[in-house]
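Breakdown of the fold
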Amino acid sequence: MIIKEHTSLQPYNTFGIDVKADYFIEYESIDDLKAVLNTEVAKSNPVLHIGGGSNLLFLKNYSGVILHSAIKSIEKVREDADSVFVEAGSGVEWDDFVAYCVDNGWGGVENLSLIPGEVGASAVQNIGAYGVEVQDVIEEVNAVGLQSLEARTFSNAECGYGYRNSVFKKELKGKCIITSVVFRLAKQPLFKLNYQHLEEEVLKNGEVTLHNIRKTIISVRESKLPDPKVSGNAGSFFMNPVISKESFNKLLQTYPQMPHYFVSDTEEKIPAGWLIDQCGWKGRQIGNAGVHDKQALVLVNKGGATGAEIVHLAEQIQASVKDKFGILLQPEVNYI
Ligand code: EPU
């Protein structure tokens, strides 16, 4: 295990907020993690486990222990006629895992190319993009109880997945640590290309193959979303709100062009980026916090922003969307 004291968290959050943690501890295996959890430091301080830091906003210094997984193995554990089952350590970079699957010709995660973060957090957050959510390919999740130190395996159903949600964000929040995830990938990929103009874009790059889908998605993301290495951000700052059909139908009368996604017979999802854009926020800046000029759902650190500045901007945006559309946007990003 590696223990650092009074260390800056700037390299560990994609917003690039410069706060410090009392302790930062990285572990390389399940045994190492158990040893960490048994240390006096971990037993007597609050513990926060982070992944790639791509969904966090630090508002102040963290008084406690920040834990990070460096479990980086990827291994095919079994297969049947249609699928391969691949176990990836929680500390594997998500996009390295996607590249590995695509290179092996295994389908299921190609639409999730270039999402920042790590494998462990993907299973907490139920990451999603371009018509696919990671819950579609998760077979099981392996975790260790923070108090009990016992290992436990969660089936997909036990993970309680919903839109950007899981049992690990609700009942089990802060109670267990994901060590690895087993994915079920298809030997004969079933391509999912019905998101907006995705199929058209893929065909511009040639035939529909896993590699071409990955290549297309990388270029779509790069054209819309800022690179966190260049300007700090955490991807979508808010979740897309799900509203009742009744409210939706009323809004549609005033805004017939409003984009929307079907959720169920009683609910519809509206892109938060569109709502924020309609309120005139795209490209605007307050202090060192800004709204990305190509995708209004992404807030960016324009240089030296504090967490408080980003939250201030987020609150202004929430207020104007509430005022214009009667919808309260919920942050997807966790405030720490
Ligand atoms: N739109 C605007 N203006 C904007 C942004 C979007 O009018 O500034 C409109 C677009 O024209 C489009 C609609 O809103 O009609 C949806 O936009 P987009 O396709 O960019 O997707 P999104 O709903 O804004 C979601 C995810 C993204 C994911 C994309 C692609 C959420 C909160 N966000 O964004 O996920 O990459 O779909 O599937 O669900 C993330 O979670 O960090 C993330 C980037």
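That block above? That's the structure.
In what follows, the accompanying structure is described. (Residues numbered from 1 in each chain as written. Predicted model: local features only at pLDDT ≥ 70, side-chain atom pairs only at ≥ 80, totals over all residues. Heavy atoms only, no water.)

As for the sheet that holds strand β11 (residues 151-155)
Strand order in the open sheet formed by five strands is β6-β7-β12-β10-β11, and the pairing between neighbours is antiparallel. Taken across any chain shown, the strands that pair with only one partner, and hence form the sheet edges, are β6 (74-79) and β11. The average undirected angle you get between the axes of adjacent strands in this sheet is 25°. Here seven bridges tie strand β7 (residues 83-89) to strand β12 (residues 176-186), and the two strands are oriented antiparallel to one another. By the bridge assignment for β12, G89 is matched with S180. (Pairing = 2+ DSSP bridges. Helix = DSSP H or I, 4+ residues; strand = E, 2+ residues; numbered from the N terminus. Axes fitted to C-alpha atoms, helices over the stretch in contact; angles between N-to-C directions.)

Some details on the pattern of salt bridges
The full count for this structure, using the stated rule, is ten salt bridges. Residue R184 is joined to E139 by a salt bridge in which the shortest nitrogen-to-oxygen separation is 3.2 Å. Of this pair, R184 sits in strand β12 while E139 sits in strand β10 (residues 138-145), placing them 45 residues apart in sequence. You can call R184 partly exposed: its relative accessible area is 37%. Here D277 ties to K282 by a salt bridge, and the two come within 3.1 Å at their closest N and O atoms. Taken together, the salt bridges that share partners define one network made up of K76, E79 and K187. (Salt bridge = Lys/Arg side-chain N within 4 Å of Asp/Glu carboxyl O. Buried < 20%, exposed > 50% of the residue type's maximum accessible area, 1.4 Å probe, protein only.)

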